[in-house]
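Each chain is listed here by its residues.
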Amino acid sequence: AALQPPDDLNLLPYTAGWKNPVRSMVSTMLRPLACPEVPNVSPEKRMEVRFFVPGGCVSNIDFVESIFGNAGDPSLPENDAGLDTHHWTGTSGCVILAPHIRGLN
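Quick caveat, the model's predicted, so the values are computed rather than measured. (Residues numbered from 1 in each chain as written. Predicted model: local features only at pLDDT ≥ 70, side-chain atom pairs only at ≥ 80, totals over all residues. Heavy atoms only, no water.)

J.: How should I be thinking about the nonpolar core in this particular structure?
T.: Nonpolar side chains tend toward joint burial in soluble globular proteins. Core analysis: the largest hydrophobic core is formed by nine residues, namely Leu9, Val26, Leu30, Val49, Phe51, Val53, Cys57, Ile61 and Val64. Taken together, the elements giving at least two residues each to this core come down to β1 (25-30), β3 (45-54) and α2 (58-68). The biggest single contributor to this core is β3, with three residues. If near-sequence neighbours (up to four positions away) are discounted, valine 26 is found in contact with Leu12, Phe51, Phe52, Val53, Gly55, Val58 and Ile61. (Core = buried A, V, L, I, M, F, W, Y, C linked by side-chain atoms within 4.5 Å. Buried < 20%, exposed > 50% of the residue type's maximum accessible area, 1.4 Å probe, protein only. Helix = DSSP H or I, 4+ residues; strand = E, 2+ residues; numbered from the N terminus. Contact = heavy atoms within 4.5 Å.)

This is how it looks when you write it as structure tokens:
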């Protein structure tokens, strides 16, 4: 249910006035700093978190990116935390924003 919001919640605000507005889920991968670098002791380490939101909540992704930054395309090797063992904590997370499930039983 969390990844199947109603059409009105999936509406991308930018396209609301279009003849055929776009409805979609939106996702981003972030790699926030988990452990700062300690010079001559250990490098900085980051974790990775994938966010999923309905299109109508895309501003929430923008807000989170403004704090943590965007990790880039996770399908590219240079952005793959698993290939950067010196700077990755080894932990991953997933956040799903699903305001439509509040009323489910």
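From this point, the narrative continues.
J.: Hey, could you run me through the environment of proline 99 in this one?
T.: Tracing the chain through its elements places proline 99 in the segment after β4 (88-96). Not counting residues within four places of it along the chain, the set of residues in contact with proline 99 comprises Leu9, Pro54 and Cys57.

J.: What is the right way to read the pairing of β3 from this model?
T.: Here six bridges tie β1 to β3, and the two strands are oriented antiparallel to one another. Following the sheet pairing, serine 27 is matched in β3 by phenylalanine 52. In this sheet, β3 lies alongside strand β2 (residues 33-35) in antiparallel orientation, the contact comprising two bridges. Pairing of cysteine 35 across the sheet is with lysine 45, part of β3. (Pairing = 2+ DSSP bridges.)

J.: Would you mind showing me how to read the pattern of salt bridges here?
T.: Where charged atoms of side chains with opposite charge meet at close range, the side chains can pair. Counted by the stated rule, this structure contains two salt bridges. Across the pair aspartate 84 and arginine 31 runs a salt bridge, and its minimum N-O distance is 4.0 Å. Here aspartate 84 is found in the loop between α2 and β4, whereas its partner arginine 31 is found in the loop between β1 and β2, with 53 residues between them in sequence. Residue classification places aspartate 84 among the partly exposed residues on the basis of a relative accessible area of 25%. Take arginine 31: its relative accessible area is 13%, and that puts it in the buried class. Of the charged contacts, one joins arginine 46 and glutamate 44 as a salt bridge, the two residues approaching to 3.0 Å between their closest N and O atoms. (Salt bridge = Lys/Arg side-chain N within 4 Å of Asp/Glu carboxyl O.)

J.: Can you help me understand the packing of aromatic side chains in this one?
T.: Think of a pair of aromatic rings as described by two things: how far the centres are apart, and how the planes are tilted against each other in angle. All chains considered together, the criterion is met by one aromatic pair. Look at tyrosine 14 and tryptophan 18: their rings are 5.8 Å apart centre to centre, the planes differ by 75°, and that puts the pair in the edge-to-face class. The exposure class of tyrosine 14 is exposed, given its relative accessible area of 70%. (Phe/Tyr/Trp six-rings, centres within 6.5 Å; stacked < 30°, edge-to-face > 60°.)

J.: Would you explain the side chain of asparagine 10 in this entry?
T.: Residue position: asparagine 10 is located in helix α1 (residues 7-10). Aside from chain neighbours lying at most four places away, what touches asparagine 10 is Pro5, Val22, Arg23, Ser24, Met25, Pro54, Gly55 and Gly56.

J.: Just to check I follow, could you spell out a nonpolar patch on the surface for this structure?
T.: On the surface, a nonpolar cluster with roughly 360 Å² of combined accessible area is contributed by Tyr14, Trp18 and Val22. Structurally, the position occupied by valine 22 is in the loop between α1 and β1. The class for valine 22 is partly exposed, based on a relative accessible area of 31%. (Patch = residues over 30% accessible without salt bridge, like charges linked within 9 Å, V, L, I, M, F, W, Y side chains within 5 Å. Areas by Shrake-Rupley, 256 points an atom, 1.4 Å probe, with all protein chains shown as cover.)

Functional significance is not addressed by these values, which are geometric in nature.
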